[in-house]
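Here is how the chains run, residue by residue.
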Amino acid sequence: MAHYYMEPSRTFSEFLLVPNLTTKACNPSNVTLKTPIVKFKKGEQPAYSLNIPFSSAVMQAVSDDRMAVALARSGGISFIFGSQSVEGQAAMVRKAKSYKAGFVVSRSNLTPGHTLKDVLELKERTGHSTVAITSDGSANGKLLGIVTGRDYRISRDSLSKQVSDFMTPFEKLIYGKSGITLSEANDLIWDHKLNCLPVVDAENNLDYLVFRKDYDEHKENPSELLDANKSYVVGAGINTKDYEERVPALVAAGADVLVIDSSDGYSEWQQSTIQFVKSNFDVKIGAGNVVDREGFLYLVEAGADFIKVGIGGGSICITREQKGIGRGQASALIEVAAARDEYFEQTGIYVPICSDGGIVHDYHITLALAMGADFVMMGRYFARFDESPTRKLKVGNNFVKEFWGEGSNRARNWERYDTGGKAGLMFEEGVDSYVPYAGSLHENLSKTIHKIKSTMCNCGSLTIAELQKNARITLVSATSIVEGGAHDVILKENSITGE
Ligand code: IMP
């Protein structure tokens, strides 16, 4: 006989948080949202943590290199979409990784034997006015000098002048040594009124350039998520079909964390994929999606570093309608979180879980965290911003951005839905849609984060772990949901409506 879950499965909107005592120390500025993203042993630190519990969905309409940089700058992680060629995805990862926060790998380089004409042509091509002069013209060659606009005057007969004749030579440069911190670099920049500080290693090979303007930008983003080389942490989605080809390219491009992107992850295909990755590469890999204890344990035993939870709750998702599979996101999360805690108790290994899909209001994020999620993944939320890779259009009087599901005919990401059947017999599990345009990621994220921190204070919690431990969550009746919005009043035009 079939197994029945006789309790209805629930969504976030059916729950509310009941406040706990707010102590005077419970101030949003004291709240930290740092959270693990990969598994770790009790008493040890995870190899990767996020500074905010946000990841952007593995979707064509959401996560490219631009989104990856913008989100890492704010402290979260993007998983660059895998429904593209291996080369295309690896190039996006490489591009996002090559952004150094504050420290820039020099992109305009020449040798002393080049001419002023070469300098001007390079400047025209790259738009960079600072050119590093190295022994071999490479970004990491021995630094021999720097050329900026202040070093030359353009006249008809100056074009053939050799760089060595007008560059500021190394002996006259102010430079930093490898290992210098960004704030020490900034002190040198200010003390010597520089626009750019070269940083060299013990043999005077060029490591990085630090620009005055990049430092200012870096200071505005104290939560940015960096690896040991001061590059942004970048994730990438993979599938269970072409991983033998895709994973080596992504690892070579510098991807830090991979995730198997699939609508139903409780499968032997995922087990084989995880095992291949774990036995060939030193890279972290998440798996999913699952909606219950069995699915969670199966993927954990297979070696996954984190588990993604959610089937059928995504805003563009029609999986439940098409196939009749899925589970209310809150119910799925509550069961998987309990399995995760039990597994931790038994083994001393903590496996983070990610609540993926179905976040509509900002408070849903706080609820997901309270219910045990370590971080959330969102598509619709990020698709609305300037940084998403889709077109901004005007529909009627409103600006919108395009947003389509990975299972729509537009994305044709059939690998995500593959259950081993014959290609060509596919059907859609997602729609093509618009979302209201909402402006910049930074501005929106700041508001959402402030709301989460403020709610955590209401719940007497300064960390996500405390929230998970202390939260009191109540089911709400259909009638009290009505009570939760503005009711029995006549709304004025332009009044605030929700999120
Ligand atoms: P959202 O945050 O509610 O927009 O949900 C985003 C999530 O929906 C993604 O992270 C995926 O797990 C899921 N998803 C993406 N594309 C599709 C689709 O075409 N069909 C079903 N689910 C999808």
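Structure first, text after, so check above.
A quick note: this is a predicted structure, and the numbers were derived from the prediction, not measured.

Draft legend 1. Fine view of the overall build of the protein. Scanning the protein from terminus to terminus reveals 16 helices and 25 strands. Its C-alpha radius of gyration of 26 Å places the protein within 12% of the 23 Å reference for a compact globule of 499 residues. For the C-alpha atoms alone, the extent of the protein along its principal axes is close to 90 × 55 × 55 Å. In the protein, buried positions account for 50% of the 499 residues. In the protein, of all internal contacts separated by at least 6 residues, the share reaching a separation of at least 24 is 65%. As displayed, the protein has an accessible area near 24100 Å², and 50% of this comes from carbon and sulfur atoms. Across the protein, the centroid of the 54 positively charged side chains sits 5 Å from that of the 61 negatively charged ones.

Draft legend 2. A look at unusual backbone geometry. A cis amide bond links glycine 288 to the next residue, asparagine 289, at an omega of 5°. The residue asparagine 289 is located in strand β17 (residues 284-290) in this model. In this model, aspartate 488 sits at a positive phi of 60°, which is unusual for a non-glycine residue. Looking at where aspartate 488 falls in the secondary structure, it is placed in the segment after α16 (478-484).

Draft legend 3. Region of interest: the pattern of salt bridges. With the rule as written, the count across this model stands at 18 salt bridges. As a salt-bridge pair, aspartate 341 and arginine 340 come within 2.8 Å of each other at their nearest N and O atoms. Judged by its relative accessible area of 2%, arginine 340 falls in the buried class. Salt-bridge contacts for aspartate 362 lead to lysine 451; the nearest nitrogen and oxygen are separated by 2.8 Å. Of this pair, aspartate 362 sits in helix α12 (residues 362-370) while lysine 451 sits in helix α14 (residues 441-458), placing them 89 residues apart in sequence.

Draft legend 4. Structural context of the site of the ligand. As a structural note, the neighbourhood of the ligand is formed by 24 residues, with Ser315, Asp356, Gly379, Gly407 and Glu429 the closest of them. For the ligand, an oxygen atom lies 2.5 Å from a polar atom in the side chain of aspartate 356. Between the ligand and the protein, one listed contact pairs a nitrogen atom with a backbone N or O atom of glutamate 406 at 2.9 Å. For the ligand, the accessible surface in isolation is 510 Å², of which the surrounding protein chains cover 96%. Tallied by class, the residues present in the shell around the ligand amount to eight nonpolar, 11 polar and five charged.

Draft legend 5. Spatial organisation of the packing of helix α8 (residues 268-280) against helix α9 (residues 293-302). Between α8 and α9, the shortest axis-to-axis distance is 9 Å and the interhelical angle comes to 25°. Judged by the angle between their axes, α8 and α9 are roughly parallel. Here α8 and α9 pass one another in a crossing that is right-handed. Contact with α8, carried on its side by Glu268, Gln270, Gln271, Ile274 and Gln275, involves Tyr298, Leu299 and Ala302 of α9 and no other residues of that element. Of the residues belonging to the contact of α8 with α9, the class tally is four nonpolar, three polar and one charged.

What counts and how
- Residues numbered from 1 in each chain as written.
- Predicted model: local features only at pLDDT ≥ 70, side-chain atom pairs only at ≥ 80, totals over all residues.
- Heavy atoms only, no water.
- Helix = DSSP H or I, 4+ residues; strand = E, 2+ residues; numbered from the N terminus.
- Rg over C-alpha atoms; globule rule 2.2 N^0.38 Å.
- Buried < 20%, exposed > 50% of the residue type's maximum accessible area, 1.4 Å probe, protein only.
- Contact = heavy atoms within 4.5 Å.
- Areas by Shrake-Rupley, 256 points an atom, 1.4 Å probe, with all protein chains shown as cover.
- Lys, Arg positive; Asp, Glu negative; His and termini not counted.
- Charge placed at Lys NZ, Arg CZ, Asp CG, Glu CD.
- Salt bridge = Lys/Arg side-chain N within 4 Å of Asp/Glu carboxyl O.
- Near = heavy atom within 4 Å.
- Polar contact = N/O pair within 3.5 Å; in protein donor to acceptor, adjacent residues only side chain to side chain.
- Nonpolar A, V, L, I, M, F, W, Y, C, P; charged D, E, K, R; others polar.
- Axes fitted to C-alpha atoms, helices over the stretch in contact; angles between N-to-C directions.
- Parallel < 35°, antiparallel > 145°, perpendicular 65-115°, else oblique.
- Left-handed = near helix turned anticlockwise from the far one by under 90°.

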